[in-house]
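Each chain, written out:
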Amino acid sequence: MEATAAKPPLHTLTFSRATVANRVFAAVYMCAVLAFLYQHALRALNSTTFLSFSLSLTFLFADLLLGFMWATGQCFRMRLVHRHVFPENLLKVTREGDFPAMDVFICTADPDKEPPMSVVNTALSVMAYDYPAEKLSVYVSDDGGSALTLFAFVEAAKFGSHWLPFCRRNKVVERCPEAYFRSNYPRSNETKQIKVMYESMKERVENVVDSGKVTDDYITNEQERQAFNKWTAQGFTRQEHPTVVQVLLEIGKDKDITGQSMPNLIYVSRQKSRTSPHHFKAGALNALLRVSAVLTNAPIILTLDCDMYSNDPQTPYSMLCYLFDTTITPELGYVQFPQRFRGLNKNDIYACEFRREFLINSAGLNGLAGPNHVGTGCFFSRRVFFGGPSSFVSPEIPELRPDHVVKGPIQAQSTLAMAHQVADCKYEDQTNWGSKLGFRYGSLVEDFYTGYRLQCEGWKSVFCHPNRPAFLGDTPITLNDALNQTKRWSVGLLEVGFSKYSPVTFGVRAMGPIMGHYYAHYAFWPIWSIPLTIYAFLPQLALVNGISIFPKVSDTWFFLYVFLFLGTYVRDCLDFILSGGTFQRWWNDQRMWMLRGVTCFLFGSIEFLTKCLGIAAHGFNLTSKVLDSEQSKRYDQGTFEFGVESPMFVPLSTVAIINLIAFFGGLVGVFRGGDFDGLFVQIFIAGFVVVNCWPIYEAMVLRTDKGRMPTKTTLISTFLAWALYSAASHIPQI
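Residues numbered from 1 in each chain as written. Predicted model: local features only at pLDDT ≥ 70, side-chain atom pairs only at ≥ 80, totals over all residues. Heavy atoms only, no water.

Caption draft 1: Seen up close, the overall build of the chain. For the chain, the helix and strand inventory stands at 25 helices and 12 strands. Taken along its principal axes, the extent of the C-alpha atoms in the chain is 85 × 75 × 55 Å. The buried share of the chain, reckoned over its 734 residues, is 57%. Considering only contacts in the chain between residues 6 or more positions apart, those separated by 24 or more positions represent 82%. A total accessible area of about 30,900 Å² is found for the chain, and carbon and sulfur atoms account for 60% of it. (Helix = DSSP H or I, 4+ residues; strand = E, 2+ residues; numbered from the N terminus. Buried < 20%, exposed > 50% of the residue type's maximum accessible area, 1.4 Å probe, protein only. Contact = heavy atoms within 4.5 Å. Areas by Shrake-Rupley, 256 points an atom, 1.4 Å probe, with all protein chains shown as cover.)

Caption draft 2: Spotlight on helix α15 (residues 503–511). Along α15, the positions that sit buried rather than exposed are Pro503, Gly507 and Met511. In an axial view of α15, the angular spread of the buried residues amounts to 15°, which keeps them on one side of the axis. In this structure, the buried residues of α15 make contact with α13 (446–456), α14 (479–497) and α16 (513–523). (Arc of directions from axis to C-beta.)

Caption draft 3: Here's a closer look at the pairing of strand β10 (residues 378–381). Alternating residues of β10 divide into Cys378 and Phe380 and Phe379 and Ser381, and every residue in both groups is buried. Sheet topology note: the strand β7 (residues 300–305)/β10 ladder contains 4 bridges and is antiparallel. Bridging from a neighbouring strand, Ile301 pairs with Phe380 of β10. (Pairing = 2+ DSSP bridges.)

Caption draft 4: The packing of aromatic side chains, seen in detail. Enumeration according to the criterion identifies 67 aromatic pairs in this entry. For the ring pair Tyr501 and Phe506, a centre distance of 4.9 Å and an interplane angle of 90° mean the geometry is edge-to-face. For Phe506, a relative accessible area of 24% gives the class partly exposed. An aromatic cluster of three or more residues is present, and its members are Phe76, Phe341, Phe354, Phe358, Phe448, Tyr452, Trp489, Tyr518, Tyr519, Tyr522, Trp525 and Phe601. A cation over an aromatic ring shows up here: Arg187 above the ring of Tyr185, its NZ or CZ 3.9 Å from the ring centre. The ring of Tyr501 is capped by Arg453, whose NZ or CZ atom sits 3.8 Å from the centre of that ring. (Phe/Tyr/Trp six-rings, centres within 6.5 Å; stacked < 30°, edge-to-face > 60°. Lys NZ or Arg CZ within 6 Å of the ring centre and 35° of its normal.)

Caption draft 5: Spotlight on the pattern of salt bridges. Across all of its chains, the model carries 28 salt bridges by this definition. A salt bridge links Arg382 to Asp103, with the nearest nitrogen and oxygen atoms 2.8 Å apart. Of this pair, Arg382 sits in the loop between β10 and α12 (413–422) while Asp103 sits in strand β3 (residues 102–108), and the two are 279 residues apart along the sequence. Asp103 shares its class with Arg382; the two are buried. The salt bridge partner of Glu607 is Lys487, with a shortest N-O separation of 3.4 Å. Of the two residues, Glu607 sits in helix α20 (residues 600–612) while Lys487 sits in helix α14, which places them 120 residues apart along the sequence. Judged by its relative accessible area of 14%, Glu607 falls in the buried class. Using a relative accessible area of 18% as the deciding quantity, one classes Lys487 as buried. Ionic contacts of the salt-bridge type, sharing partners, join the residues Arg77, Arg356, Arg571, Asp572 and Asp575 into one network. (Salt bridge = Lys/Arg side-chain N within 4 Å of Asp/Glu carboxyl O.)

Caption draft 6: A look at the environment of Val245. You can see Val245 is positioned in strand β5 (residues 244–249). Judged by its relative accessible area of 2%, Val245 is buried. In this structure, the C-alpha to C-alpha distance between Val245 and Ala417, residues 172 residues apart in sequence, is 9.5 Å.

Geometric descriptors of this kind do not, in isolation, establish any biological role.
Given below as structure tokens:
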């Protein structure tokens, strides 16, 4: 009997030899950390004055937090593996007819900050996937309830009938129209024609957006047309508007210019009311989960940010390489692709690539339970939103079950009526949505929190990082936008860290110590602000009085400080460069880590604290995707953008001024016979901060463009620095 030929592999997993070295280094470094903390304790116990005792305790507290963050950060290195997929083998082991149906969720919330054409480009890029059109549905959630966005998608549906066959016929890889026409594309007659069509569509959309006027001609459902007219007449806003579910393209009914069926394209604007909580993006995603269950109920769900377009039409094939592996499928909850970005300037001055968070650390979890969900570029099994692998939380109506079979056309009156019902703002009242079903409520970072809770329930994930980025998105091009984005994340992460589901308690019990502490590393990410703020001010203020607070160069303990500093920085730089980064990008990454410590991490922690005390309750603030030409030019040149009077620039400038004065003041003191041996560490810290703060000095003094530091901010910071130094000068010697 002839032996059956072995099937080619769809993916492989190999263990990294670096794991052993990582574990050995972690053990040695941990011993050094413990010795370091012991030295701090000795200094506190041997203190002869209240001031020296207080300083020793303060630095002990700061270093305990640094030690905690370092220790939890080692979770990413404990079991390194390398995963590779072979999408070219997929059709050798299965047929396209066996591919699962897929629903794509794209969320937008404000046409002013998230231009409709950007959302349109994202949708067109996934509609053009190399995937059976009859198995693909694209849902656009417009949480701003904007008729302008709806108009843009009506136009996009028309253009798509030309764009999709054009991409298939010419084997286009870059299927986001804007990105394709921005690249070095072939200048054939057909390409010129399709570009003219795209520019014409873009002009029509932008003209309507600029005018702010759109009629109800594009709403085909009479009931929705009446709601729309009532909505516009009463001046409803992003916070209050009715449900709109518009099927713009329907499989089997709408064809492209070659006669092939187009995928479903469905616009959804859930009902919102000021009297009902809407839970921001998590609420919008749960509304899409329910509406899509009623209309298509695909077993696979892809979530995308509105500015994160597909950069590879065969990305679903990479995902299926894991989905069709029956050995991991029962517990496989989602496949996460990394966030990658277009338009980053050469050296990524704001460290918006987040290479460590989105690439290095996520890859490091592939040997454990898998990475956390990062909000976009994630393929979910619909089943994960209804309980753990061995449990099931039943929804209120059978039509929402993940195994429900949709029958009949999606535009049937009864089907659309139910879609409206499940998108109602009061539908979730007295239900499990947000707690046991769907995306989880309770944090501004619904992606991190949802992925965490899913893994606590027993689901695993896989990090898929192909050579060609699967998705590309936009990044902030101003420092203020970059810091505000991270501040919002900081508030949301602390909401998880101090909740009843805290990773250090609930997470460790549910997932084990390594995964629990991995999530703790991010949940308490903003506490970097405490040690960084302490080290940004106290050594320098002590230096102004010539007060030594660290071991002398001649002291044996000094070499422990050197080892800890070099061990951390060299290791971090090595990881960064081995992952494909550059030294200059690493330098900017560590610079931004320090800047975030006294800005967005600090302000996010304060906002979280005031929110807990009921003093403030800030909502979800979108990061603007609108680009200013002058700002773009400065960003491309690698120039920091200040320009606005942001409160976060005040401590940043104050730190820069204090460290500059401390550094040169310390050097002058040494030249005048000061204790260089005892003050070296403080002078080094101040000098290191000064080197990292060069863009701030430049913005305060040397620049004249609109992106310079506002004069008011500079004056306030100078006054605060003077006040702090005046106070420090009256501190008695230790």
